[in-house]
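Residue-level listing of the chains:
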Amino acid sequence: MSARLVLLGPPGAGKGTQAARLAEALGVPAVSTGDIFRANVKDGTELGRRVQDVTASGRLVPDELTNELVRDRLAQDDAVDGFLLDGYPRNVAQVAALDEMLAAAGRELDLAVELTVDPQVVVERLTKRAQVEGRADDTVEVIRHRLDVYAEQTAPISQVYADRGLLAQVDGLGEVDDVTTRLLAAVAPVRS
Ligand code: AMP
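Residues numbered from 1 in each chain as written. Predicted model: local features only at pLDDT ≥ 70, side-chain atom pairs only at ≥ 80, totals over all residues. Heavy atoms only, no water.

Of regular secondary structure, the protein possesses 9 helices and 5 strands. Counting from the amino terminus, helix and strand elements in the protein follow one another as β-α-β-α-α-α-β-α-β-α-α-α-β-α. The C-alpha atoms of the protein give 16 Å as radius of gyration, which agrees with the globular expectation for 192 residues (16 Å, within 12%). Considering only C-alpha atoms, the protein reaches an extent of 40 × 40 × 30 Å along its principal axes. Counting all 192 residues of the protein, 43% fall into the buried class. Counted over contacts in the protein with a minimum sequence separation of 6, partners at least 24 positions apart contribute 75%. Within the protein, the 31 negative side-chain charges are centred at a point lying 3 Å from the centre of the 21 positive side-chain charges. (Helix = DSSP H or I, 4+ residues; strand = E, 2+ residues; numbered from the N terminus. Rg over C-alpha atoms; globule rule 2.2 N^0.38 Å. Buried < 20%, exposed > 50% of the residue type's maximum accessible area, 1.4 Å probe, protein only. Contact = heavy atoms within 4.5 Å. Lys, Arg positive; Asp, Glu negative; His and termini not counted. Charge placed at Lys NZ, Arg CZ, Asp CG, Glu CD.)

Encoded structure:
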């Protein structure tokens, strides 16, 4: 199937979990820049060494590096007919970079789906995840910083896609299965 989708939402909205479910249901790869960075840090690759401090502090990895990574990933065979991006684009400049990548391939984004959640719930979820997963960037201080970065740099992206008529908002609160059902309903119009 072909569906080119972006999943938006604050840290702790459940993007990773839902991206995996949605991607499987749609038969497209879920591409998470955060997962790719974490895997590289864990494996001690050159990329991992370059992004280790930035990701641990909750700042954004420089656009050139991130855009290049996504460009390479989307050029792989399994992403040619569709993909679900999770954690990218993260600022308005990355939106433009994604536009260019797609235009160069003669393709367009089908939809940006935003998972909406109460900020208080987000902090609770992230704090709980810190205990369960032990992510380096799930400390209270870094969580706060990541939420600030989201509010300043990432939240404005929703309006950009809304202006293009490409934004669908989905309530991210509730049971995981229920949220998946809502997401599938939101993307149903663009499935082909
Ligand atoms: P995530 O798992 O999406 O919350 O990403 C974890 C961390 O990876 C972020 O806090 C950033 O440091 C980095 N990161 C992930 N995606 C991006 C992106 N699109 N642009 C810049 N940095 C990113």
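Once that is clear, we can look at helix H9 (residues 176-187). With 12 residues, H9 should cover 16 Å at 1.5 Å per step; its first-to-last C-alpha distance of 17 Å lies within 8% of that length. For H9, the set of buried residues is Val-179, Thr-180, Leu-183, Ala-186 and Val-187. Seen end-on, H9 carries its buried residues on one side only, within an arc spanning 120°. Residues Thr-181 and Ala-185 are exposed on H9 and point more than 90 degrees away from its buried face. (Expected span 1.5 Å × (residues − 1). Arc of directions from axis to C-beta.)

With that settled, consider the pattern of salt bridges. Per the stated rule, a full pass over the model turns up 8 salt bridges. We note a salt bridge from Asp-177 to Arg-21, for which the minimum N-O separation is 2.9 Å. Of this pair, Asp-177 sits in helix H9 while Arg-21 sits in helix H1 (residues 15-26), and the two are 156 residues apart along the sequence. Judged by relative accessible area, Arg-21 falls into the partly exposed class, the value being 32%. A salt bridge links Arg-146 to Asp-137; the nearest nitrogen and oxygen atoms lie 3.7 Å apart. For Arg-146, a relative accessible area of 9% corresponds to the buried category. (Salt bridge = Lys/Arg side-chain N within 4 Å of Asp/Glu carboxyl O.)

Here the residue pair Tyr-88 and Pro-89 is connected by a cis peptide bond, since its omega of 0° sits within 30 degrees of zero. Take Pro-89: it is sitting in the loop between strand E3 (83-86) and helix H5 (92-104).

Neighbouring residues of the ligand: 16 residues in total, closest Thr-33, Arg-38, Arg-59, Gly-87 and Arg-90. Measuring from an oxygen atom of the ligand, one finds a side-chain N or O atom of Arg-38 at 2.9 Å. In this structure, Gly-87 approaches the ligand through a main-chain N or O atom, which is 2.9 Å from a nitrogen atom. In isolation the ligand offers 480 Å² of accessible surface; the protein chains occlude 95% of this area. Ranked by residue count, the leading element in the shell around the ligand is helix H2 (residues 33-43), at 4 residues. (Near = heavy atom within 4 Å. Polar contact = N/O pair within 3.5 Å; in protein donor to acceptor, adjacent residues only side chain to side chain. Areas by Shrake-Rupley, 256 points an atom, 1.4 Å probe, with all protein chains shown as cover.)

Let us look at the nonpolar core. The nonpolar side chains of a soluble globular protein tend to be buried, and buried together. Ranked by size, the top nonpolar core spans 23 residues in total, and within it Leu-5, Leu-7, Leu-84, Val-113, Leu-115, Leu-183 and Val-187 carry the most contacts. Those elements giving two or more residues to this core turn out to be strand E1 (4-8), H1, strand E4 (111-116), helix H6 (119-133), strand E5 (167-171) and H9. Formed by 19 residues, the second largest nonpolar core is a distinct cluster that contains Tyr-88, Ala-97, Ala-112 and Tyr-161. (Core = buried A, V, L, I, M, F, W, Y, C linked by side-chain atoms within 4.5 Å.)

We now examine the side chain of Asp-86. For Asp-86, the position within the fold is in strand E3. Here Asp-86 occupies a buried position and makes no salt bridge, while the nearest side chain of opposite charge, Lys-15, is found at 4.7 Å. Apart from residues no more than four positions distant in its own chain, Asp-86 is found in contact with Leu-7, Lys-15, Gly-16, Ala-19, Val-31, Ser-32 and Thr-33.

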